[in-house]
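So you can see what is in the structure, the chains are spelled out below.
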Amino acid sequence: MRRDIRFLTILLVIIWGMLASCVVYANEDIPNATSKFVNDFANVIDEETEKEISERGNALYEAYPEKVQVMVVTIESLNGENITDYALRMYNTYGIGLKDVNQGALILLSINDRKTWITTGAGTDDYYITNDRASELAAMGSTYFKAGDFGNGLEVIQIAVIDEFNSKINVEASVDSENEIQEVVHETKQPISFRKEI
């Protein structure tokens, strides 16, 4: 009896170790995030646009009580992986959105694959960002991407995603002309847009 228990214990430890190794291996190609709001691993976003994306993301994050996080990420290649699978792994690896509410979005652009995808957390279901809607939002930057203007293309998508959140929640956030973050909480649900002259 004791021998059987010992055998089962050893077997469980081995299985656990194998599973842990698989998880590490599965995510080792995901680069380490250095920012909550923009990670330009492909180096295609200019410094000013990156700052604007970050400030806009932070404005939403600070304005909404449950911390809606919208992260923009660029990579050079998917290395043959499906972008929806890669984006989901990246979303979960980064832990986008607060754990308990899981309300956030990842905007992923793969330069060499010429693909864009938006992955949202389960908590965003209340805000109606379905897969079909996410595909529509991701396509909004295509004109800019074709011209090689990746920064402005991603900014257009980010603005559309934030508008999508803010049209459904009881919060209005804005960035003033001096890029100082301000927030206003309203009793009525009124949409707010972050606009950029391009």
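For the structure itself, consult the block above.
(A) Structural view of the overall build of the protein. A tally of helices and strands in the protein yields 6 helices and 6 strands. Going residue by residue from the N terminus, the α and β elements of the protein occur as α-β-α-β-α-β-β-α-α-α-β-β. Looking at the 198 residues of the protein, the share that counts as buried comes to 41%. Across the protein, the fraction of contacts at a sequence separation of at least 24, relative to all contacts at a separation of at least 6, is 63%.

(B) Up close: helix H3 (residues 83-94). Taking 1.5 Å as the rise per residue, H3 with 12 residues should run 16 Å; its terminal C-alpha atoms sit 16 Å apart, in good agreement. Phi turns positive, to about 65°, at Gly-95, one or two residues after H3.

(C) Spatial organisation of the sheet that holds strand E1 (residues 38-40). Ordered in space as E1-E2-E3-E4, the 4 strands form an open sheet in which the pairing is mixed. Looking at strand neighbours, the two that pair on one side only are E1 and strand E4 (115-120), the edges of this open sheet. With direction set aside, neighbouring strand axes in the sheet form an average angle of 10°. Alignment of strand E3 (residues 104-110) against E4, held across 6 bridges, turns out to be antiparallel. Directly across from Ser-110, in E4, lies its bridge partner Lys-115.

(D) Region of interest: the side chain of Thr-49. As for its position among the elements, Thr-49 is in helix H2 (residues 47-63). Judged by its relative accessible area of 5%, Thr-49 falls in the buried class. Within polar-contact distance, the side chain of Thr-49 engages the side chain of Asp-46 at 2.8 Å. Sequence-distant contacts of Thr-49, defined by excluding residues within four places in its chain, comprise Gly-151, Asn-152 and Glu-155.

Analysis parameters
- What you see as residue numbers is a count from 1 along each chain, following the sequence as written.
- Whole-chain, interface and lining totals are the exception, using all residues; otherwise, since this is a predicted model, local features are given only for residues with pLDDT of at least 70 and side-chain atom pairs are given and counted only at 80 or more.
- Note that the side-chain values use all heavy atoms of the structure and ignore hydrogens as well as water.
- The way it works is that DSSP assigns letters per residue, a run of H or I at least four long becomes a helix, a run of E at least two long becomes a strand, and they are numbered from the N terminus.
- Note on classification: 1.4 Å probe, protein chains only; a residue is buried when its accessible area is under 20% of the maximum for its type, exposed when over 50%, partly exposed between these limits.
- Contact definition: two residues touch when any of their heavy atoms are within 4.5 Å.
- To estimate the expected span of a helix, count its residues, drop one, and scale the result by 1.5 Å.
- Note: two strands are recorded as paired if DSSP finds a minimum of 2 bridges between them.
- Fitted lines through C-alpha atoms give the axes, limited to the stretch in contact for helices. The angle between two N-to-C directions lies from 0 to 180 degrees.
- Counting of polar contacts relies on pairs of N or O atoms within 3.5 Å, with two restrictions inside protein: one atom must be capable of donating a hydrogen and the other of accepting it, and residues adjacent in sequence are counted only when both atoms are side-chain atoms.

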